[in-house]
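Spelled out from the first residue to the last, the chains are:
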Amino acid sequence: MKINGKAYHSIWLHPENKQIVQIIDQRFLPHQFIIKDLKSVADAAFAIKEMLVRGAPLIGATAAYGMYFATLEIDSLEGIDTHLKNAAQQLLATRPTAINLQWALKRQSQAIANSATLEGKRATALQTAQDICSEDVEICRQIGLHGLPLIEAISKQKKGAAVNILTHCNAGWIATVDWGTATSPIYQAHNKGIEVHVWVDETRPRNQGARLTAWELGEHGIPHTVIVDNVGGHLMQHGMVDLCIVGTDRTTYTGDVANKIGTYLKALAAKDNAVPFYVALPSTTIDWEIQDGFTIPIEQRNSQEVTHIQGLHQTEIAQVQLTPNNSPAANYAFDVTPARLVTALITERGICEASEAGIAKLFPQKQLTSPQI
Ligand code: MRU
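Computed from a prediction, not measured in an experiment: that's the story for all the values here. (Residues numbered from 1 in each chain as written. Predicted model: local features only at pLDDT ≥ 70, side-chain atom pairs only at ≥ 80, totals over all residues. Heavy atoms only, no water.)

Draft legend 1. Molecular detail of the side chain of E202. On the secondary structure map, E202 appears in the loop between β7 (196-201) and α7 (208-219). This buried residue, E202, is left without a salt bridge; R204 holds the nearest opposite charge, at 5.7 Å. In contact with E202, other than residues within four places in its own chain, are N207, Q208, G209, A210, V226, I227, V228 and D229. (Helix = DSSP H or I, 4+ residues; strand = E, 2+ residues; numbered from the N terminus. Buried < 20%, exposed > 50% of the residue type's maximum accessible area, 1.4 Å probe, protein only. Lys, Arg positive; Asp, Glu negative; His and termini not counted. Salt bridge = Lys/Arg side-chain N within 4 Å of Asp/Glu carboxyl O. Contact = heavy atoms within 4.5 Å.)

And the structure:
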């Protein structure tokens, strides 16, 4: 997608130095556009943990490059297995909920193990990270093409009046490598000339909606309105939301969906108001081992993200305190929306029911066991 008219991915290999990976530091968007170099496993782990990069597919892509750095950080085959295992563990420990992290590390670890020489391992790791990125672009594009008819149908029913779509957090192109998951059908619809308008949940505490989704939609010229997290239910009661589309960090093979905290409440409100509630996801976000969504690990982050808020003060990014000095705060980063509240899943292979049977129909070859890191 474009920033100031220039096409970007959210992560890329430095054009002049193959040992450096570049990312957009998302902590400072939309106020400052900072490109950051990653050069080591520690850099990649820091970028994921501190959310310079975030969003399940981009977390996976960054971890894949992290394993590439691990192959650069050792100069002989002696002890390489332990070295790579430690790197994978370091990256895995950064964020617990998004399954794409595990998925990318497993894929990289297997690929690297298949090469016998150090040079071979390095080349394989780089190629695998690049493949993960380019596959993600195509997967997300396909999600958009499969989701497009849903928006098109509502547009027809409304005789071309704007289709109002509510989204939560940022499942946009900067949460993936390009296109996004929840936003991909929206970009496709807009590009086709269908009138859309997006209600953007601010998504406290880190405000990924207000800061990131609003920014990327704005850069692409898509009409949108930022709302505080409590507004969605009211809008749905008044017929002001035609459909919801959200992303996910981990979806069980039975269709339960873990996504940014507050998603569940939107799904409840959507159910109560007969508003379709779609979850857009690449198959890399499906957990083929977990049956019950309530066993998905839910990240708890630093309480300072709740007690303080970040914004632009004059020309500087600043933090202000919201709460009394001694009030404890809890910061649950994700919640689980049970499959029964999900109208359907939008994947790269098409749309399916959020159920074991629905998912298995689209992905029949998937195994319920996957190799260890
Ligand atoms: O904590 P974040 O910002 O990484 O959470 C991101 C989300 O919840 C997204 O909805 C999800 O990762 C899907 S990204 C296409």
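Draft legend 2. View of α7. For α7, with twelve residues, the first-to-last C-alpha span of 15 Å sits near the 16 Å given by 1.5 Å per residue. By the criterion of burial, α7 is predominantly enclosed, with nine of the twelve residues buried. Of the positions making up α7, those classed as buried are Q208, G209, R211, L212, T213, A214, W215, E216 and L217. (Expected span 1.5 Å × (residues − 1).)

Draft legend 3. The environment of T167, seen in detail. By the element assignment, T167 lies in strand β6 (residues 163-167). Between the alpha carbons of T167 and W199 there is a distance of 6.3 Å; along the sequence they are 32 residues apart. Not counting residues within four places of it along the chain, the set of residues in contact with T167 comprises A182, V198, W199, V200, D201, T213, I245 and V246.

Draft legend 4. Inspection of the pattern of salt bridges at higher detail. Applying the stated criterion across every chain yields a total of twelve salt bridges. A salt bridge links R95 to E299, with the shortest nitrogen-to-oxygen separation between them at 2.8 Å. Of this pair, R95 sits in the loop between α3 (80-92) and α4 (99-113) while E299 sits in the loop between β13 (286-287) and α10 (304-307), placing them 204 residues apart in sequence. Note on accessibility: R95 and E299 belong to one class, buried. Ionic contacts of the salt-bridge type, sharing partners, join the residues R95, R206, E299, R301 and E305 into one network.

Draft legend 5. Region of the structure containing the sheet that holds strand β5 (residues 35-38). The strand order across the open sheet formed by three strands is β3-β4-β5, and the pairing between neighbours is antiparallel. Lying at the two open borders of the sheet, with one neighbouring strand each, are β3 (11-13) and β5. Going across the sheet, the axis of each strand differs from the next one's by a mean of 30°, ignoring polarity. Looking at chain direction, strand β4 (residues 21-24) and β5 are connected through four bridges and run antiparallel. Note that in β5 the partner of I23 across the bridge is K36. (Pairing = 2+ DSSP bridges. Axes fitted to C-alpha atoms, helices over the stretch in contact; angles between N-to-C directions.)

Draft legend 6. Seen up close, the domain arrangement of the protein. As far as domains go, the protein holds domain 1 (2-135) and domain 2 (141-362). Relative to domain 2, the C-alpha centre of domain 1 lies at a distance of 25 Å. Each partner contributes residues to the interface: domain 1 has 34 residues there, and domain 2 has 34 residues. Of all residues in domain 1, R54, T97 and I99 give up the largest surface area on contact with domain 2, accounting jointly for 21% of the area buried on that side. Seen at the junction of domain 1 and domain 2, the total is one salt bridge. Summed over the shared surface of domain 1 and domain 2, the result is 19 residue pairs in polar contact (both at pLDDT 80 or more). Elements with a minimum of two residues in the side of domain 1 that touches domain 2: β1 (2-3), α2 (56-72) and α4. (Domains from an automatic or database assignment. Buried area = accessible area lost by both parts, 1.4 Å probe. Polar contact = N/O pair within 3.5 Å; in protein donor to acceptor, adjacent residues only side chain to side chain.)

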